[in-house]
There are 4 protein chains.
Amino acid sequence: MGELALDGPELAELAGLYRELHANPELSGAEHRTAAEIARRVEKLGYQVTTGVGGTGVVGVLRNGEGPTVLLRADFDGLPVREETGLPYASTAVGVDPDGKEVPVMHACGHDMHVTCLVGALGLLVRGRKAWSGTVLAVFQPAEETGTGALAMVADGLFERFGRPDVVLGQHVAPYPAGMVGLHAGPAFAATDALRIRMFGKGAHGSRPESAIDPVVMAAATVLRLQTVVSREIAATETAVVTVGSLHAGTKDNIIPAEAELRVNIRSYTPEVRAAVLAGVERIVRAEAAASGAVREPEFTPLDSFPVLVNDHAAVDRARAALVARLGERSVVDPGPVTGSEDVGAFGAAAGVPTCYWLFGGADPAEYARAEAAGRVAQDVPSNHSPHFAPVIEPTLSTGITALVTVATAWLGRD
Amino acid sequence: MGELALDGPELAELAGLYRELHANPELSGAEHRTAAEIARRVEKLGYQVTTGVGGTGVVGVLRNGEGPTVLLRADFDGLPVREETGLPYASTAVGVDPDGKEVPVMHACGHDMHVTCLVGALGLLVRGRKAWSGTVLAVFQPAEETGTGALAMVADGLFERFGRPDVVLGQHVAPYPAGMVGLHAGPAFAATDALRIRMFGKGAHGSRPESAIDPVVMAAATVLRLQTVVSREIAATETAVVTVGSLHAGTKDNIIPAEAELRVNIRSYTPEVRAAVLAGVERIVRAEAAASGAVREPEFTPLDSFPVLVNDHAAVDRARAALVARLGERSVVDPGPVTGSEDVGAFGAAAGVPTCYWLFGGADPAEYARAEAAGRVAQDVPSNHSPHFAPVIEPTLSTGITALVTVATAWLGRD
Amino acid sequence: MGELALDGPELAELAGLYRELHANPELSGAEHRTAAEIARRVEKLGYQVTTGVGGTGVVGVLRNGEGPTVLLRADFDGLPVREETGLPYASTAVGVDPDGKEVPVMHACGHDMHVTCLVGALGLLVRGRKAWSGTVLAVFQPAEETGTGALAMVADGLFERFGRPDVVLGQHVAPYPAGMVGLHAGPAFAATDALRIRMFGKGAHGSRPESAIDPVVMAAATVLRLQTVVSREIAATETAVVTVGSLHAGTKDNIIPAEAELRVNIRSYTPEVRAAVLAGVERIVRAEAAASGAVREPEFTPLDSFPVLVNDHAAVDRARAALVARLGERSVVDPGPVTGSEDVGAFGAAAGVPTCYWLFGGADPAEYARAEAAGRVAQDVPSNHSPHFAPVIEPTLSTGITALVTVATAWLGRD
Amino acid sequence: MGELALDGPELAELAGLYRELHANPELSGAEHRTAAEIARRVEKLGYQVTTGVGGTGVVGVLRNGEGPTVLLRADFDGLPVREETGLPYASTAVGVDPDGKEVPVMHACGHDMHVTCLVGALGLLVRGRKAWSGTVLAVFQPAEETGTGALAMVADGLFERFGRPDVVLGQHVAPYPAGMVGLHAGPAFAATDALRIRMFGKGAHGSRPESAIDPVVMAAATVLRLQTVVSREIAATETAVVTVGSLHAGTKDNIIPAEAELRVNIRSYTPEVRAAVLAGVERIVRAEAAASGAVREPEFTPLDSFPVLVNDHAAVDRARAALVARLGERSVVDPGPVTGSEDVGAFGAAAGVPTCYWLFGGADPAEYARAEAAGRVAQDVPSNHSPHFAPVIEPTLSTGITALVTVATAWLGRD
């Protein structure tokens, strides 16, 4: 397997798939068109394909003799972001969000790249089947962004219907230089808690604030105060993020509305920090409502939730050794724990087997180097979920394919 | 005219019109159904009716011999507010706002009551035509909430086509006890400036704020800082209001959006205060963008704008005398200048004639008295633009009709 | 009396007194040196002088036949401000504040000018005694800044010992152009409430905020939120001021302190507004403590308090007529109600007689005109209590003397 | 040496020294009485003592044959904190801060315990001199809290006069359970930057905010906005602290002051984070001044500064092995990097030799366990710099002495 690789025309064809997926993103749970395209491609490669697993999930199985079963996972949902990359294949797609509102949709988290890499890897594994033996269980998972897709596939009998794997493998594209792969053993991706918070004031004419309890001011004070959870209440040596990703109140300049809605995203790595952050958020929201004289308590609705993703030490060691052998020492780094979250851990947890999930770079290496030289990497290289996020197709694509095949055959390889 | 009044069945019929209007509000500029209903009613009373004046405006003329021309004005647009009155005739109407978004619509400012009172008054004036002589010019004006309707009717040749009045009269329902009328001579309604402000950050994944410039935090800090324009920069003895009526940013908890939009409403009474407030708002918005490290300056778009409405001293004196004679001393008060705005002044200004515009109460007197006893009038009686705003039909309706007829005949009366 | 005036050398001598007083300010209740100097001067003029009235108060009496008794009041305490005027006679004085701390002292409110004008007026009244008859009761009052001096003189038997006046007269220098006098009938100076607020956190090492409850953040959030009392909770047509005049917390950058202290000054004109502001301040302070997770409730200590000063309508009419006759129509204005407070009202209230208290300008007229032309009067002309506040000696001094004599003889004059 | 320990009366005598030091703290640079007491004690033990090294520093030397030189360091300055422990030996001392102001002083960082432990260890080393050979260089360092004492001793010829050590050893008491020792190899204590920031407004009367530029509001908005440096601008996986330890503005409730002073303490571990935090702080302070319309730029004065303290890996390994052998596995932990700072690194850096600096617990183990069970360790156990910080004397003292002797003899021991 070691030296097996796709040729130029094959990569060009996959780049076409990538651009097509990128131009046609679908929101979590509504990935019908994407699922159909995946199924068509994977079936054509010779895999036994099942659709509709846990909603719109797609499973492809290739049995190739004795040996372990390796689960390879790619997620494929898009996000409610208006794309601003200016690319020829930029999305103009529109979706309907859970509140029934039309929103722009974008592959702002690179799941289109995950799918393309896995399709490419599945092709290579077919072609190189003499070099390995065992079973490839390709899992194309929907609804990762809402933290529900992996659990839904498991609940829909994934392991009962397609067999229990020996290891769960997968990867995520990240704003590191393309060509790089990053693995971290132990807790590697943070836990997430998402909340919708409604704060209640009292509406009135914009010219008569004394008749109102202004929820815009209430929400603004809350957003500022919430910053102190991270800056004052959690030790600087711990990891915690509190993001108010959306804030909506009012319809018109001259009407003080009756309420405001905040959507809050929380990251943590330990149960203690998670509990302290959640308690701090609730305490502050309630107190800021009281500061405004709100007559009704705020309303908290939990949204998505992800546990910490823990990478198995032995699995990471095996994967790292294979990657270093294939890509060279300098292309394989340990990025440490990151604040991103992933529901891929649900597969390993449900199956009771190790997970090894890694990052691979998608940033133009030249652009990354310029930003690094200027000391501003974080803000100059578009991050996942940015309207400007778009991996460079190469060498991102070939690196992602190589990484998947390399790590898979670290389990499946004959030698 | 003095003692002329509508009887019970007539008032009941008008109450029906009011409830029908209330249940079917339309947004500024889109008041087609309402305009048609007005035209139908006023024509039936015997007025010469013209529709489509300045958009959806309706003009009714009744010439009744020699004498002055009195312009009686009522506005008839609704607001993008979701009604929460729980009334049997509450609105469930939906409209399309200037951004093309569907929004709930409500008569949250009592324009439905203005229309009903004027229709009632026009009927009484027809019936009592022997007691007065001159011309009644009934002006049903659309798009008051956006400050554009009066100017549009003037620009569409209102005075050239229907004659120049000697005085402009009109009234607004307010959260005072029903049965009361309030007049103030001189500057009586504030100037308004409305702004849309876009603040630009940088989008990123919600878990990586260091890659973003967070526009939610930027906007929140701006809202809080804007409070200091009124609290610190304008003398407490002057009148100024700065309301952020709407604040919108983001689509999802785990995406830091790229921008935030604020809609700001400003009230003032003097050019100096107006200039100081506008300068303060701009200074703060720019500085808060800078505090966040925004790479792009905020964008300011002026929206509606209303000048100060100045009531003519002599006209107010004449109107007050007539109202006191009809309603009694205790029912006619001077509320002082209010922070509400009105574009009715555009008629008088364009025609070069005096304006007399007054308030009439719409609050349940018993409820008002309870709130007053508890020392909490401002917050306990729903104000205009509140989702709970709804005048009690009586005695609001009969007081409004009486007030219009009384003041009109103070100019038109034969004696 | 009408044309009686001081000549150049006399004014020069009084200017010397003013500079001496300005250079030697004393804090409220500690005005020993100033009181002695006043007593010496007034005695020399021929008045019967009593010292030590209500602490350091000084009373001078001149009985000049039949007729009314006119109380002329000047206050004479300084403030804990470090003077930054750069004047040759600037203060470098130091005093001891109520907490026992050494503080710089400055005549930053013009009480030195009040004393000098009254001394000048007393001299003129002696010289012109043939033109009037009655009694002059000169009251030099200490401790105005703390709102305690007038009450203390009354409590010390002022009226029992020196007779009940028929009217209470006085004046305050203000940042209007020198040469101007301003009177307003009715409520003219605001009520004041001053509070000391202690907010309790939990101290810790500056590097370990998670071990602290940070009172600096708690106090900062409170200060910002307090701005909303005026901007959101009080009608813009009412008058209210909430100033946090001092905020102190901590000793060193790397120690998070255990508490913060705020001193808050509140102005209002009506009992309703006063109650609403006080309730709003308390609600916000308690809620912000809760937002920080404070384990101990904040502590509120009332400091100074002044009622609204109401000028008698008839007395103001009489005074205005006399001033217009003497200074000309253009030099006498109605400034409307101001947000300053004064305890002079305690004299009239205790004696049950009318009060007439006016403002006189102290700003360089040329500088004022420049600021007015630039549209920035409020911020460009140093206000009372500013470290840059210093009336121009002339024409402030001669206008103040003329005003006192003119108004006094409007009661005392023979014709 | 292994089993050598102090007996009960000896420990009681040292506890007396500790209480005496605790009751008599002195501010950085003014530790005259403390230095004299140290010199007296160490001389009495038989060390060759030099005082006045780098200000008030004290050096004790014991040459005991061939072998390495081990520098043992204890710092001995107190802090401007008002002690609130309620202990019988609580401090009531007063000092004069750099601004000439009298302030309360407290040993709120445990330097009294450091001194006592080192004096105890020096005694044991004398008694056990047969078990080791080499030189003990005892360095009692003043002015640690200001980050200047170590550099001053080096600059005063410490190594030229007393010889270059082979290793620098020392310890700090921390809010961990007494009996525990914590070591971390690599970067172990954070870099510190301290700033004094003056923000300039414009003073005015408290009732006339429109004449002022309010520095209290300006400073409050700045404090809140500074929270976003940590919460939004630095990756959650990095370590950064921004503390505003002191905020002072104003003298009286009714005077708006002309300026405010903030003292800010910053912690970081990498040059990139340090630069980003410093840039963020400056950007925000300048922007908030601009938001207030300040006419003068804020003034930034660097105060103390500490580099990152890096513990040598080999030295930590050697020390840990010795401590585990002496105290048992369970009493020796790796606390990871902490946000505290230390200038002890200046000795090793100047001498070009390894440093090994560890923490030892001072919290009552029972109290710590209770707090841990309640999930609130951080806030319930008083941290260094808290007015409630006070190590329990035992087993803190004997553990600290044992740790010093154990680690020192890991270098000096004969076997």
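Note that the structure is a prediction, hence the values are computed from the model and not measured.

Engineer: Go over unusual backbone geometry, please, and point to the residues and values.
Structural biologist: Along the chain, E394 of chain A connects to P395 of chain A via a cis peptide bond; the corresponding omega equals 5°. Relative to the assigned elements, P395 of chain A resides in helix α12 (residues 393-412). The phi dihedral of A143 of chain C falls on the positive side, at around 50°, and the residue is not glycine. Residue placement: A143 of chain C occurs in the loop between β6 (134-141) and α4 (149-155).

Engineer: Explain the interface of chain C and chain B to me, using residue names and the numbers behind them.
Structural biologist: Interface size, as often reported, equals the accessible area lost upon joining of the parts. On the side of chain B, 17 residues touch chain C, which itself brings 17 residues to the contact. Between chain C and chain B lies a buried interface of about 1,300 Å² when both sides are counted; carbon and sulfur atoms form 60% of it. Of all residues in chain C, Q227, R232 and A236 of chain C give up the largest surface area on contact with chain B, accounting jointly for 37% of the area buried on that side. Summed over the shared surface of chain C and chain B, the number is zero salt bridges. For the side of chain C that touches chain B, the secondary-structure elements that each account for two or more residues are α6 (215-233) and β12 (240-249) of chain C. The leading source of residues in the side of chain C that touches chain B is α6 of chain C, at six residues. Residue composition of the side of chain C that touches chain B, grouped by class: eight nonpolar, seven polar and two charged.

Engineer: Give me the domain arrangement of chain A: which residues, what numbers.
Structural biologist: Residues and elements named next belong to chain A. Taken domain by domain, chain A comprises domain 1 (8-189 + 308-412) and domain 2 (191-305). When each unit is reduced to the centre of its C-alpha atoms, the spacing between domain 1 and domain 2 is 33 Å. A per-residue breakdown of the area domain 1 buries against domain 2 is headed by V308, T339 and S341, which together make up 52% of the total. At the boundary of domain 1 and domain 2, one finds one salt bridge.

Engineer: I'd like to hear about the interface of chain D and chain C, residue by residue, with values.
Structural biologist: Taken together, the 58 residues of chain D in the interface contact 58 residues of chain C. Here chain D packs against chain C, burying approximately 5,000 Å² in sum over the two surfaces, 58% of which is carbon and sulfur. Across the chain D-chain C interface, the total number found is two salt bridges. Note that K252 of chain C and D304 of chain D form a salt bridge whose closest N and O atoms lie 3.8 Å from each other. Counting across the chain D and chain C interface gives 25 residue pairs in polar contact (both at pLDDT 80 or more). When contributions to the side of chain D that touches chain C are tallied by element, the ones reaching two or more residues are β11 (204-205), α6 (215-233), β12 (240-249), β13 (255-256), β14 (259-268), β15 (299-306) and α11 (377-380) of chain D. Of the residues forming the side of chain D that touches chain C, the biggest block, eight residues, is contributed by β12 of chain D. Tallied by class, residues from the side of chain D that touches chain C come to 28 nonpolar, 21 polar and nine charged. When β12 of chain C meets β12 of chain D, the two strands line up antiparallel, connected through three bridges. The residue of β12 of chain D that forms the bridge with H248 of chain C is H248 of chain D.

Engineer: Could you give me a rundown of the pattern of salt bridges, with the residues and numbers involved?
Structural biologist: All names here are of chain C. The final tally for this structure, using the stated rule, is 94 salt bridges over all chains. A salt bridge links R33 to E20, with the shortest nitrogen-to-oxygen separation between them at 3.9 Å. Separated by 13 residues along the polypeptide, R33 in helix α2 (residues 32-44) and E20 in helix α1 (residues 8-23) bring together distant segments of the chain. Using a relative accessible area of 45% as the deciding quantity, one classes R33 as partly exposed. On the accessibility criterion, E20 (28% relative accessible area) is partly exposed.

Engineer: Tell me what's going on with the packing of helix α1 (residues 8-23) of chain D against helix α12 (residues 393-412) of chain D, and back it up with residues and numbers.
Structural biologist: How two helices pack is summed up by the angle between their axes together with the distance between the axes. All names here are of chain D. Across the interface, α1 lies against α12 with an axial gap of 11 Å and an inter-helix angle of 105°. In this view, α1 runs roughly perpendicular relative to α12, as classed from their interaxial angle. Contact residues: α1 offers L11, L14, A15, Y18 and R19, while α12 offers I393, E394, L397, S398 and I401. Taken together, the residues of the contact of α1 with α12 break down into seven nonpolar, one polar and two charged.

Rules used throughout
- Residues numbered from 1 in each chain as written.
- Chains lettered and ligands numbered in written order.
- Predicted model: local features only at pLDDT ≥ 70, side-chain atom pairs only at ≥ 80, totals over all residues.
- Heavy atoms only, no water.
- Helix = DSSP H or I, 4+ residues; strand = E, 2+ residues; numbered from the N terminus.
- Contact = heavy atoms within 4.5 Å.
- Buried area = accessible area lost by both parts, 1.4 Å probe.
- Salt bridge = Lys/Arg side-chain N within 4 Å of Asp/Glu carboxyl O.
- Nonpolar A, V, L, I, M, F, W, Y, C, P; charged D, E, K, R; others polar.
- Domains from an automatic or database assignment.
- Polar contact = N/O pair within 3.5 Å; in protein donor to acceptor, adjacent residues only side chain to side chain.
- Pairing = 2+ DSSP bridges.
- Buried < 20%, exposed > 50% of the residue type's maximum accessible area, 1.4 Å probe, protein only.
- Axes fitted to C-alpha atoms, helices over the stretch in contact; angles between N-to-C directions.
- Parallel < 35°, antiparallel > 145°, perpendicular 65-115°, else oblique.

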